[in-house]
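# Chain and residue survey
What follows is the residue order along each chain.
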Amino acid sequence: MFKRILIANRGEIALRVIRAAKELGIGTVCVYSTADRDGPWLEHADQKVCIGPPPAKDSYLRIDRIIAAAEITHADAIHPGYGFLSENAHFAEVCRDCHIQFIGPSPEAMSQLGDKVNCKRLAKRTGTPVFPGTDGAIEEVDEAVRVAHEIGFPVIVKASAGGGGRGMRIARDESQLREGIETAQREALAAFGNGAVYVEKFLEHARHFEVQTLGDNHGNAVHLFERDCSSQRRHQKLVEEAPAPGVDPEKRRRVCESAAALIRAAKYCGAATCEFLMDREQNFYMLEVNTRVQVEHPVTEMITGVDIVKTMIRAAAGETLPFTQDEISAKGHAIECRINAEDPDRGFMPQAGLIERWSAPSGPGIRLDSHARAGYRIPPNYDSMIGKLIVHGASRDAAIAKMKDALKAFEIGPIKTTIPLHLKLMDHPDFRNATFDIHFVERWLKK
Ligand code: ADP
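Residues numbered from 1 in each chain as written. Predicted model: local features only at pLDDT ≥ 70, side-chain atom pairs only at ≥ 80, totals over all residues. Heavy atoms only, no water.

On to helix α11 (residues 396-409), then. Here α11 is 14 residues long and its end C-alpha atoms lie 20 Å apart, about the 20 Å a rise of 1.5 Å per residue gives. Residues of α11 that are buried: R396, A399, I400, M403, K404, A406 and L407. Taken together, the buried residues of α11 touch β11 (236-242), β14 (333-340), β19 (366-369), β21 (385-393), α12 (419-427) and α13 (429-432). (Helix = DSSP H or I, 4+ residues; strand = E, 2+ residues; numbered from the N terminus. Expected span 1.5 Å × (residues − 1). Buried < 20%, exposed > 50% of the residue type's maximum accessible area, 1.4 Å probe, protein only. Contact = heavy atoms within 4.5 Å.)

So, in structure tokens, the structure goes:
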């Protein structure tokens, strides 16, 4: 097992990794920027190293400084968390070259699954359902037009190297498609240095369905069932839950197993999430694979009892997965609300500044993953998420009731947060009845 893990991240996920490492008897090192000098999570680490000024590009994204910090503190592994360098194959490769274990997949597995065209190709081989569309990157525009007519409009043009919703164009007819391919290629080249784009069917009404998987370096891979993350705003998830409500058990089993087959074929070590869209007839289409731990991993931990972060550390250290697929079962229902320091009444304006009041809910089935507390000053430089409130109940209705109670008991001030929005969302009929799709929050907020 590792002696010391360096955490190349900040905030709640840094704290989450520290806790997992402590339970495994491993030492911890946190790197931090000057904006995070007073970050409460740093108090829990054994050592801390300042790696630069507030802008992420000068600190949390500086591979050279992070590696130097690992070397001077004799850390033998690095956990990247999510965001920042977590899906950067070059970083994973530098770690390997420096004999520091990257806690995640090999650079090869990361590159293969991170490139959307390659990933889709592998998915087809493993029987993981994908969107109908062009076979790989577009070489001839006329060929893409032919495929679009065959699968039917609307279609979407996407960048193979895409991320963060960039380089995508929806086309409702042939002329929009021809134009969309050209602009998407230009945008993708400018943004990612890779102009490859492809075309696939565009779904108007879909739910976001994602499968949590875990793999080791001994050829094993399992799934931990799925999460529904249909409550989104601007492609950012607001609420996540597990299991996904109302899905046919046989269809669910098939798609979850196909996700495990995909990461097994990629020789994947650690935690990965296969994201799908699900249409009204409960057909699944893979969007992409996230090759890291996700923000919403706790809902899966709550229903399965598996500690995902500890398992990814153990797998990176060379251990075999401690369970087989048959040994994993799901119990009850879990919901997570992302608590963001944003003002929903003012266009979700980020709220930096001092938290004066912080009184958190507690009780059976309530979990709070947060680095914040009274007296913490939120820096303006990073993501606005200050915590995740997670509840577990025997049924979905019980979980919703518990979440409402916990949200009401959660007092944060004077900064504004998304708590009041979540309270209203829990009562929204489309949420309550699970008759939602990925655009329902935006439609509702527009009213
Ligand atoms: P990125 O890596 O940029 O986040 P994704 O492939 O995950 O790109 O797509 C981002 C979002 O765009 C999805 O969450 C979904 O809302 C929308 N989207 C992508 N592909 C489709 C599609 N074929 N049909 C409908 N919506 C889509």
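The discussion continues.
Let us now look at the site of the ligand. Inspection of the region around the ligand gives 19 residues, with K116, K158, G165, K201 and L203 positioned closest. In this structure, E288 approaches the ligand through a side-chain N or O atom, which is 3.0 Å from an oxygen atom. When the ligand sits alone it has 550 Å² of accessible area, and the protein chains cover 91% of it. Those elements that place two or more of their residues in the shell around the ligand are β6 (155-159), β8 (197-201) and β13 (284-290). Partitioning the shell around the ligand into residue classes produces eight nonpolar, five polar and six charged. Residue-level mapping places the shell around the ligand at the junction of two domains, with at least three residues from each of domain 2 (125-201) and domain 3 (207-446). (Near = heavy atom within 4 Å. Polar contact = N/O pair within 3.5 Å; in protein donor to acceptor, adjacent residues only side chain to side chain. Areas by Shrake-Rupley, 256 points an atom, 1.4 Å probe, with all protein chains shown as cover. Nonpolar A, V, L, I, M, F, W, Y, C, P; charged D, E, K, R; others polar. Domains from an automatic or database assignment.)

This paragraph deals with the packing of aromatic side chains. Counted by the stated rule, this structure contains nine aromatic pairs. Aromatic side chains Y60 and F84 sit 5.0 Å apart centroid to centroid with 25 degrees between the ring planes, which places their arrangement in the stacked category. Of the two residues, Y60 sits in the loop between β3 (47-52) and α2 (63-72) while F84 sits in the loop between β4 (77-79) and α3 (89-97), which places them 24 residues apart along the sequence. Y60 gets classed as buried once you look at its relative accessible area, which sits at 0%. With a relative accessible area of 28%, F84 lands in the partly exposed category. Ring centres of F131 and Y285 lie 4.9 Å apart, and the angle between their planes is 15 degrees; on these two criteria the pair is classed as stacked. With a gap of 154 residues between them, F131 in the loop between α5 (116-126) and α6 (141-151) and Y285 in strand β13 connect regions that are remote in the sequence. (Phe/Tyr/Trp six-rings, centres within 6.5 Å; stacked < 30°, edge-to-face > 60°.)

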